[in-house]
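Reading the structure
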Amino acid sequence: YAMDVSGWRILVADRYGVRIFDPQGRTVWLNRSLTGLVDVAFMNQDSLLLAWGDRIYLMRLDGHLLWHLTGLSGVRDVDAIGPDAVLICLPDRVCIMGLNGTVLLDYEVDGPLDAEYVDGRLYVAVENAVLVVEEGSVVATYPCSPADVEVLGNGGAIFIVEGTTIRALTGPAWEFEC
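Attention in this report is confined to the structure presented alongside it. (Residues numbered from 1 in each chain as written. Predicted model: local features only at pLDDT ≥ 70, side-chain atom pairs only at ≥ 80, totals over all residues. Heavy atoms only, no water.)

Quick notes on the side chain of threonine 170
This is how it is decided: Helix numbering and strand numbering both begin at the N terminus, where a helix is a DSSP run of H or I of at least 4 residues and a strand a DSSP run of E of at least 2. N or O atoms within 3.5 Å of each other form a polar contact, as long as, within protein, one can give a hydrogen and the other can take it, and as long as residues adjacent in sequence are counted only when both atoms are side-chain atoms. We call two residues in contact whenever any of their non-hydrogen atoms come within 4.5 Å of each other.
Position of threonine 170 relative to the elements: it lies in the loop between β19 (165-168) and β20 (175-177). Polar contacts involving the side chain of threonine 170 include one to the main-chain amide nitrogen of isoleucine 158, which spans 2.8 Å. Each residue touching threonine 170, except ones within four places of it in the same chain, is listed here: Tyr142, Gly155, Gly156, Ala157 and Ile158.

Observations concerning the pairing of strand β17 (residues 148-152)
Successive residues of a regular strand alternate their side chains across the two faces of the sheet. Definition in use: Here the term buried applies to any residue with accessible area under 20% of the maximum for its type, exposed to any over 50%, and partly exposed to those in between, with areas from a 1.4 Å probe on protein chains only. A strand pair is defined by DSSP finding two or more bridges across the two strands.
Here β17 shows one buried face, formed by Val149 and Val151, and one open face, formed by Asp148, Glu150 and Leu152. In this sheet, strand β18 (residues 157-162) lies alongside β17 in antiparallel orientation, the contact comprising 5 bridges. Among the inter-strand pairings, valine 151 is bridged to a residue of β18, identified as isoleucine 158. Hairpin connection from β17 to β18: 4 residues lie between these consecutive antiparallel strands, with glycine 153 at a positive phi of about 60°.

As for the nonpolar core
What counts here: Throughout, nonpolar core names a set of buried Ala, Val, Leu, Ile, Met, Phe, Trp, Tyr and Cys residues whose side chains join them through atoms within 4.5 Å.
Ranked by internal contacts, the top residues of the largest apolar core, which has 16 residues, are Leu49, Ile56, Trp67, Val75, Val86 and Ile88. For this core, the secondary-structure elements that each account for two or more residues are β5 (39-44), β6 (47-51), β7 (55-60), β8 (65-70), β10 (85-90) and β11 (93-98). With 3 residues, the top contributor of residues to this core is β10. What valine 75 contacts, discounting residues up to four positions off in sequence, is Val38, Ala51, Trp52, Gly53, Ile56, Ile88, Cys89 and Leu90.

Description of the sheet that holds β18
Condition: Geometry is summarised by axes, namely lines fitted to C-alpha atoms with helices restricted to the contacting stretch, and by angles between N-to-C directions that run from 0 to 180 degrees.
Spatially, the 4 strands line up as an open sheet ordered β17-β18-β19-β20, and their pairing is antiparallel. Single-partner strands in this sheet number two, and they are β17 and β20. This sheet shows a mean twist of 15° between the axes of neighbouring strands, independent of strand direction. Here 4 bridges tie β18 to β19, and the two strands are oriented antiparallel to one another. Paired with isoleucine 160 across the bridge in β19 is arginine 167.

Quick notes on a nonpolar patch on the surface
Where we set the bar: Each patch is built from residues lacking any salt bridge and having more than 30% relative accessible area; the joining distance is 9 Å for like charges and 5 Å for nonpolar side chains (Val, Leu, Ile, Met, Phe, Trp, Tyr). Method for areas: the Shrake-Rupley scheme with a 1.4 Å probe, in which residue coverage is limited to the protein chains shown. Every case where a carboxyl oxygen of Asp or Glu lies within 4 Å of a side-chain nitrogen of Lys or Arg is listed as a salt bridge.
A surface patch of nonpolar side chains, amounting to about 380 Å² of accessible area, comprises Tyr1, Met3 and Val5. Looking at the secondary structure, you find tyrosine 1 in the segment before β1 (2-6). A relative accessible area of 77% places tyrosine 1 in the exposed class.

Here is the structure:
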């Protein structure tokens, strides 16, 4: 499955399709035909990024396709970067691409699992660490075994999912066992 959160909305993709839940767990939007996704993300209030292993689509909630990128191999993660760019994790790199096709960032890294881009810094989860990259160079390394990385604010707090535990790498000490 894959998920994203935006404000009060929770976006989930699983074997039953893609749905948006409200905070009470009620389904407010559902598309059962969207299955087999590796990731899903909110692009804005009425558009979603949908990623399969070899392609990415930007789709409005009414089903209208706005943009697509095909011919990829091994998409692992997709995230919106502002209103007109997309972060993509591939097996050997993390890139940020404008919806106009311009490559805005291309960082080669072996086996990225997840990535976030916040305030000019790229946060990349790899098998044994989270790398913080600025202007193409690693400026910090946090040894861990992350499956996912999330960054709050200007990088003041970095959280990871490690096995069944969610914990803070920076900021106040915090841990949650799932």
